[in-house]
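What follows is each chain in one-letter form.
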Amino acid sequence: MNLLPFISVLIGAILWGTTGTAQSYLPESVHPLTVGALRLAGGGLILLFVAVVLRQVNFGEWPWRATLIAAVAMALFQPFFFGSVRLTGVAVGTVTGIGSAPVFAGLIEWVVLKRRPTKRWAMATVLAVAGCALLLLTGDSLMVNPAGVLLALGAGLTFAAYSMTSKIVLEFANPAASVGVIFTISALLLSPFFFIYPMDGLKSQEGISVIVYIAIAATAVAYLLFSSGLKEIPAATAVTLSLAEPLTAAILGVAIVGEELNFFAWMGVGLLLAGLVVLTFGRRGADETKAPYFRKRIREEKE
């Protein structure tokens with residue numbers, strides 16, 4: 001049983017979970033959408049540069065339709081996610097957005113790819129989503145804004161769509177090249193935000209350091225690890241494993257930011273951990289570690 005793809009996705013999600021803590025060191029004048037655009041531009045260009053230097057970019061057979069869909073999905077994820085956080089708060093926005101993504105991913109695999117979710121995935125997803133729900137019970141006042149919840153669900157759907165279409169691109173390209181091209185296109189789509197919101201708060205040494213960390217560690221390295229694992233396992237499984245992100249964010253919030261979690265929130269942490277353990281180390285079927293293969297299907301569409 002090869003655990004490396006599962007661990008790779010988990011480490012990538014853990015790195016994502018450090019983004020919120022890192023952003024807390026930025027001035028309040030820096031808009032989150034500007035950070036989202038910068039992380040995609042920085043992370044994407046870094047990976048694209050690495051792929052070009054290592055001669056891993058080959059556009060001769062590149063699946064541009066899947067690439068554009070993935071890029072649009074990742075670009076839309078940014079305003080959906082940050083918009084939901086602004087309208088309904090960090091807790092509800094993050095948990096609803098990230099927590100709904102595995103459900104959407106499983107439905108997409110089932111309906112579109114005709115791949116029925118496994119019982120192990122279902123059990124792990126139920127545990128993880130329940131854990132996310134309990135994480136909401138931190139004792140703080142919650143703002144359940146209907147528009148914010150809809151935006152959060154949009155974030156979950158677009159992240160699931162990104163994962164599914166990115167998997168198609170990974171059939172043709174190295175993970176660094178795949179993420180580099182997709183994120184560079186996403187950054188171009190989000191480039192207007194550089195002119196809409198002020199960037200003065202990023203000119204300090206601390207601001208530059210935070211953006212560099214987010215671009216390199218929490219984006220380039222994190223998505224490279226996620227994509228490397230995604231290439232070998234079902235997308236729905238990878239998206240469920242990505243729930244290590246809110247788990248990491250919760251733990252860092254307690255350890256570094258000084259936040260407090262009550263009994264129910266700690267139960268949520270435990271359920272999240274249980275779901276991730278079941279998905280990573282549980283017994284799996286013979287075909288479960290094999291990704292759906294799209295190369296033949298795309299070739300047939302071109303003919």
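Residues numbered from 1 in each chain as written. Predicted model: local features only at pLDDT ≥ 70, side-chain atom pairs only at ≥ 80, totals over all residues. Heavy atoms only, no water.

Under an unreviewed UniProt entry, the name given to the chain is EamA family transporter, and the organism recorded is Bhargavaea beijingensis. Taken from UniProt, the Subcellular location (unreviewed entry) comment for the chain reads in full: "Endomembrane system". Entered under Sequence similarities (unreviewed entry) in the UniProt record, the comment concerning the chain runs "Belongs to the EamA transporter family." (UniProt positions renumbered as here; feature names shortened; annotations may be inferred.)

### Quick look at the side chain of Thr34
Within the element layout of this structure, Thr34 appears in helix H3 (residues 32–53). Residue Thr34 is classed as buried on the basis of its relative accessible area of 0%. Setting aside its immediate chain neighbours within four residues, Thr34 contacts Phe193, Phe194, Tyr197, Met199 and Leu202. (Helix = DSSP H or I, 4+ residues; strand = E, 2+ residues; numbered from the N terminus. Buried < 20%, exposed > 50% of the residue type's maximum accessible area, 1.4 Å probe, protein only. Contact = heavy atoms within 4.5 Å.)

### A closer look at the environment of Gln56
With respect to the helices and strands, Gln56 occurs in the loop between H3 and helix H4 (64–88). The partly exposed category is assigned to Gln56, whose relative accessible area is 27%. Along the primary structure Gln56 and Asn174 are separated by 118 residues, whereas in three dimensions their C-alpha atoms are 6.4 Å apart. Discounting chain neighbours no more than four positions away, the residues touching Gln56 are Ala51, Asn174, Ala176 and Ala177.

### Thoughts on the pattern of salt bridges
In the structure shown here, the tally under the stated rule is one salt bridge. A salt bridge links Asp200 to Lys203, with the shortest nitrogen-to-oxygen separation between them at 3.6 Å. Lys203 shares its class with Asp200; the two are exposed. (Salt bridge = Lys/Arg side-chain N within 4 Å of Asp/Glu carboxyl O.)

### Overview of the packing of aromatic side chains
For the structure on display, the rule yields 14 aromatic pairs. Where Trp16 meets Phe226, the ring centres are 5.0 Å apart and the plane angle is 50°; that geometry is what we call tilted. Here Trp16, found in helix H1 (residues 4–16), pairs with Phe226, found in helix H10 (residues 205–230); they are 210 residues apart in sequence, far enough to count as distant. Considered together, Trp16 and Phe226 belong to a single accessibility category, that of buried residues. Plain terms: the ring middles of Tyr162 and Tyr223 are 6.0 Å apart, the flat faces sit at 85° to each other, and that makes the pair edge-to-face. Taken together, the positions of Tyr162 in helix H7 (residues 146–170) and Tyr223 in helix H10 put the pair 61 residues apart, joining distant regions of the chain. Of the two residues examined, Tyr162 and Tyr223, each falls in the buried class. Among the aromatic residues, those joined into a ring-pair cluster are Trp16, Phe77, Phe81, Phe82, Phe159, Tyr162, Phe183, Tyr223 and Phe226. (Phe/Tyr/Trp six-rings, centres within 6.5 Å; stacked < 30°, edge-to-face > 60°.)

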